[in-house]
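Chain residues, written in single-letter form:
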Amino acid sequence: MRFLSLGLLLASVSMLLFACGTAKDSGTSNNSGSSEGTDNKKTKLIVGTDATYAPMEFMDEKGEIVGIDIDIVKAVAEAAGFEVEFKNYGWEPLFPALDGGEVDFAVSSITITKERQESFDFSDPYFIANQLILVPEDSTVTKFEDLKDKRVSVQINTTGHTVTKKLLGKTSSKIVAPESMPLAISEMINGNADAAVGDNAVIIDYKANNPNVKVKTVEDDSFEKEYYGLMVKKGNTEILDMLNEGIKLIKENGKLKEITGFDVK
Amino acid sequence: MDFLDIRLDMIWDYRELFIRGMGVTLALTAAGYLGGFVLGLFVGMGKLSKKKWIYYPSKYYVDFFRGTPLLVQILLIHSALIPGIFGHSLGYFVSGTLALVLNSAAYNAEIIRAGIQSIEKGQMEAARSLGMTQNIAMKNIILPQAFRRMVPPLGNELIALLKDSSLVTIIAANDLLYAGKVVAGASFRFWEPYLTVAILYLCLTYVFGKIISYVENRFSNSYVPTQRKKMFSTRS
């Protein structure tokens, strides 16, 4: 009797899971259906992001995804005539989610790089970024080269991680690479690293929000300029065209400059 | 997706990272387990104590470390506790080991307590009536018997700890999972690195499992099917 009820329980649990799975599947297929614009309503695109990267994309007190990137995408959507819904995926899961068609495109301060272009397509650039070095106030570091035999903290798998790997070697144990930029900065503050390297917008925002922490930023002109782009699944020209159209429009009408404070050619 | 298009050369390029990752994972597990066993022994005995000032701290210790996620404990220790005490971080290895020791001690304490409590009251009474003190009876009569019963759950804890040590990746420890994450991020390929990591963890837990069943067999004088017993006796 006990076995019977256990069996029933297991069966019902697995049925439940199965039902959830199919419900979710049909949900996403509905989304992609509407994104093709078969009905009269405005097309709604699902946008994936990693909302841990203030001020570019982060969550406010109410759990809403906000930030400069988000404002730009909203402006692009308005200009090109589609609707957007933001979903927080986290940095790494974003890439398979895009590949599997769960999200239509991704915005997350994603620098356009050759490696990434092998696997994904990018829109025209909409933002220019630079790597910036954050060090304790009394540090003697004046340029990136000075970090050659120091411990450097970066957010894992970002372009900051890439340039640091180039300087220190790709399997160097002197690279401290935690999950998020706040953790990477706290590694430097706690003395576990001599410097933190990351995108200028984030580092400047950190400094502005933490005036009591004794740190300074170090600029280095040898860092290549990085261009952020919106990322779509390889070969998805339909969405890419819509995005490029929108970006072109907000560059022309000055909306982009209004949001970011500078022009992107 | 791309099941057939497996690029092993990528893993090979990063072999140094994977090997170091395995070393770090093993070191973290070993240090965490040994520390956790010794501390767990004290806490477990503490939970058996009649003295309230020993019993309650032990009880609350277990409640806290068994009742909160290890991931949160790691972040607390690494980003708050250690910088709070020393003024600066002591590196991922110290905080990672400390978190694993404290966490594993809570589980080991319960295993040890239950093991000791599973020995019949008559054993202690008999030992005491032969003139042994409480401590000597505990050391020579109760603990050896209890230990035999603790071996399987302690082995279980070892395997669990080995896998749980992967959580220290969040504080950028160069462990096995970290190696996989670095490769995945560098290549945007996820099958190869994470499958490699899974297989390497499996190899480690397999070896540990073998050691545990050897130890278990050594300490066991209870019923084991004859065929299995033979298998082990030829080996040892």
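Worth saying up front: this structure is predicted, and the values here are computed from it rather than measured.

Each helix and strand counted, chain A has nine helices and 15 strands in total. For chain A, buried positions account for 45% of its 265 residues. For chain A, restricting intrachain contacts to residue pairs at least 6 apart in sequence, the fraction spanning at least 24 positions comes to 68%. Summed over all atoms, the accessible surface of chain A reaches about 13400 Å², with 53% contributed by carbon and sulfur.

Residue and element names in this part refer to chain A. In spatial order, the strands read β2-β3-β4; together these three strands make up an open sheet with antiparallel pairing. What marks the edges here is a single partner per strand, and that holds for β2 (52-53) and β4 (65-66). Two elements, β2 and strand β3 (residues 57-59), share two bridges in a ladder whose sense is antiparallel. Looking at the pairing, Y53 lines up with E57 of β3.

The next thing to look at is helix α6 (residues 181-189) of chain A. All names here are of chain A. The buried fraction of α6 is high, at seven of nine residues. Among the residues of α6, those classed as buried are M181, L183, A184, I185, S186, E187 and M188. Phi for G191, located one or two positions after α6, is positive at around 85°.

Membership of the largest hydrophobic core comes to 41 residues, with the highest contact counts inside it found for A:F105, A:L134, A:L230 and A:L243. Looking at this core, the elements that each hand over two or more residues are β1 (44-49), α2 (68-80), β8 (127-129), β9 (131-136), α6, α7 (200-209) and α8 (237-252) of chain A. When residues in this core are grouped by element, the largest group, six residues, is from α2(A). Not counting the four nearest positions on each side in its chain, A:L134 is found in contact with A:I185, A:M188, A:A195, A:A196, A:I203, A:Y206, A:K207, A:V215, A:K216 and A:T217. In terms of nonpolar packing, the next biggest core, distinct from the first, is built from 40 residues, B:A109, B:I116, B:I119 and B:M150 among them.

Residues and elements named next belong to chain B. A surface patch of nonpolar side chains, about 510 Å² in accessible area, is lined by L81, I85, F86, L90, V94 and L98. If you list the elements that add at least two residues to the nonpolar patch, you get α4 (70-86) and α5 (92-117). Ranked by the residues each element gives to the nonpolar patch, the list is headed by α4, at three residues. In this fold, L90 is placed in the loop between α4 and α5. Exposure remark for L90: the relative accessible area of 35% places this residue in the partly exposed category.

Once that is clear, we can look at the interface of chain A and chain B. Of the residues lining the interface, 26 residues belong to chain A; the matching set on chain B comes to 28 residues. Across the interface of chain A and chain B, roughly 2100 Å² is buried in total on both sides, 55% from carbon and sulfur atoms. Of all residues in chain A, A:E92, A:T171 and A:N190 give up the largest surface area on contact with chain B, accounting jointly for 26% of the area buried on that side. In this assembly, chain A and chain B are joined by one salt bridge. The partner of B:K181 in a salt bridge is A:E179, and the shortest N-O contact between them spans 3.6 Å.

In the case of a regular strand, side chains alternate between the two sheet surfaces. Residues and elements named next belong to chain A. Within strand β12 (residues 195-199), five of the five residues are buried, which leaves the element mostly enclosed by the surrounding structure. With four bridges connecting them, β9 and β12 associate as antiparallel partners. From the neighbouring strand, L134 faces β12, where its bridge partner is A196. As paired strands, strand β10 (residues 152-153) and β12 are joined by two bridges and run parallel to one another. Counted as the bridge partner of S153 is A196 from β12.

Now for unusual backbone geometry. All names here are of chain A. In this chain, A54 is followed by P55 through a cis amide linkage whose omega measures 0°. The backbone of S109 shows a phi angle near 50°, a positive value even though the residue is not glycine. Topologically, S109 is positioned in the loop between β6 (105-106) and α4 (114-119). Look at S109 and you get buried, because its relative accessible area is 5%. Phi is positive for N157, close to 65°, though the residue is something other than glycine.

This part is about the packing of aromatic side chains. Tallied over the full model, the rule gives 10 aromatic pairs over all chains. Note on A:F127 and A:Y228: the rings are 5.1 Å apart at their centroids and 10° apart in plane angle, and the pair reads as stacked. Residue A:F127 is found in strand β8, and its partner A:Y228 is found in strand β14 (residues 226-228); the two are separated by 101 residues along the sequence. Summarising the burial analysis for this pair, A:F127 and A:Y228 share the class buried. Taking 4.7 Å as the distance between ring centres and 50° as the angle between the ring planes, the aromatic pair formed by A:F144 and A:F223 counts as tilted. Separated by 79 residues along the polypeptide, A:F144 in the loop between β9 and β10 and A:F223 in the loop between β13 (215-218) and β14 bring together distant segments of the chain. In this structure, A:K170 is placed above the aromatic ring of B:Y14, and the distance from its NZ or CZ to the ring centre is 4.6 Å. Its guanidinium or amino end placed over the ring of B:W12, B:R15 lies 4.4 Å from that ring's centre, counting from NZ or CZ.

Glancing now at the packing of helix α8 (residues 176-187) of chain B against helix α9 (residues 191-219) of chain B. Residues and elements named next belong to chain B. Contact pair α8 / α9: the axes reach a minimum separation of 8 Å and the direction vectors enclose 165°. In terms of their interaxial angle, α8 and α9 are classed as roughly antiparallel. The way α8 lies across α9 gives a crossing that is right-handed. Contact residues: L176, L177, G180, K181, V183 and A184 in α8; P193, Y194, V197, L200, Y201 and L204 in α9. Class assignment of the residues belonging to the contact of α8 with α9 gives a composition of 10 nonpolar, one polar and one charged.

All names here are of chain A. Within chain A, residue pLDDT values average 85, and 84% of them lie at 70 or more. By mean pLDDT, the top-scoring element of chain A is β6 (96), and the lowest-scoring one is helix α1 (residues 2-35) (49). Counted against residues more than four places away or in other chains, residues 19-39, with its pLDDT under 50, gives 12 contacts.

Reading guide: rules and limits
- Residues numbered from 1 in each chain as written.
- Chains lettered and ligands numbered in written order.
- Predicted model: local features only at pLDDT ≥ 70, side-chain atom pairs only at ≥ 80, totals over all residues.
- Heavy atoms only, no water.
- Helix = DSSP H or I, 4+ residues; strand = E, 2+ residues; numbered from the N terminus.
- Buried < 20%, exposed > 50% of the residue type's maximum accessible area, 1.4 Å probe, protein only.
- Contact = heavy atoms within 4.5 Å.
- Areas by Shrake-Rupley, 256 points an atom, 1.4 Å probe, with all protein chains shown as cover.
- Pairing = 2+ DSSP bridges.
- Core = buried A, V, L, I, M, F, W, Y, C linked by side-chain atoms within 4.5 Å.
- Patch = residues over 30% accessible without salt bridge, like charges linked within 9 Å, V, L, I, M, F, W, Y side chains within 5 Å.
- Salt bridge = Lys/Arg side-chain N within 4 Å of Asp/Glu carboxyl O.
- Buried area = accessible area lost by both parts, 1.4 Å probe.
- Phe/Tyr/Trp six-rings, centres within 6.5 Å; stacked < 30°, edge-to-face > 60°.
- Lys NZ or Arg CZ within 6 Å of the ring centre and 35° of its normal.
- Axes fitted to C-alpha atoms, helices over the stretch in contact; angles between N-to-C directions.
- Parallel < 35°, antiparallel > 145°, perpendicular 65-115°, else oblique.
- Left-handed = near helix turned anticlockwise from the far one by under 90°.
- Nonpolar A, V, L, I, M, F, W, Y, C, P; charged D, E, K, R; others polar.
- pLDDT = per-residue confidence, 0-100.

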